Amino acid sequence: MTTGLHVCRACDGLITDPADAVLVAHELGNSGPGWDVYAHRDHVDDVELIDSDLLRIWAVRRPAM
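If you're wondering where the values come from, they're calculated on a predicted model, not measured in any experiment.

Draft legend 1. Representation of the state of the cysteines in the model. Per the counting criterion, the structure on display carries 0 disulfides. In this structure Cys8 is a free cysteine whose sulfur lies 3.8 Å from that of Cys11, the closest cysteine sulfur available. Residue classification places Cys8 among the buried positions, given a relative accessible area of 1%. What makes Cys11 partly exposed here is its relative accessible area of 37%.

Draft legend 2. Region of the structure containing the nonpolar core. Of all hydrophobic cores here, the largest spans 6 residues; its members are Cys8, Ile15, Ala21, Tyr38, Ala39 and Val47. In contact with Ile15, other than residues within four places in its own chain, are Leu5, His6, Val7, Cys8, Asp20, Ala21, Tyr38, Ala39 and His40.

Draft legend 3. Layout of the environment of His6. Tracing the sequence through the fold places His6 in strand E1 (residues 6–7). Since its relative accessible area comes to 23%, His6 is described here as partly exposed. As a C-alpha pair, His6 and His40 span 34 residues in sequence and 9.3 Å in three-dimensional space. Sequence-distant contacts of His6, that is, excluding residues within four places in its chain, are made with Gly13, Leu14, Ile15, Ala21 and Tyr38.

Reading the values: the criteria
- Numbering of residues starts from 1 in every chain and runs along the sequence as written.
- Only residues with pLDDT of at least 70 get local features here, since the model is predicted, and only at 80 or more are side-chain atom pairs given and counted; chain-wide, interface and lining totals rely on the full set of residues.
- Just so you know, side-chain values use all the structure's heavy atoms and leave hydrogens and water out.
- A pair of sulfur atoms, both from cysteines and within 2.5 Å, is called a disulfide here.
- Note on exposure labels: buried denotes an accessible area under 20% of the residue type's maximum, exposed denotes more than 50%, and partly exposed covers the range between, all computed with a 1.4 Å probe on protein chains only.
- Buried residues of nine kinds, namely Ala, Val, Leu, Ile, Met, Phe, Trp, Tyr and Cys, make up a nonpolar core once their side-chain atoms join them within 4.5 Å.
- In what follows, a contact means two residues having at least one pair of non-hydrogen atoms within 4.5 Å.
- Where helices and strands are cited, they refer to DSSP runs of H or I of at least four residues and of E of at least two residues respectively, numbered from the N terminus.

Encoded structure:
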């Protein structure tokens, strides 16, 4: 069995070593099962998991202080 190559969500670099690929999330698709999100082991803390659209909606609906 062969494994596919993954792209790091943090740096957009190709993860060539399968042992260095860390599954950080699963994003749902509109018409299908979605996809897994990977990052280099050293970049896991740099991955932003919040959806930018969700953040924008939350910021607009949040009451001003």
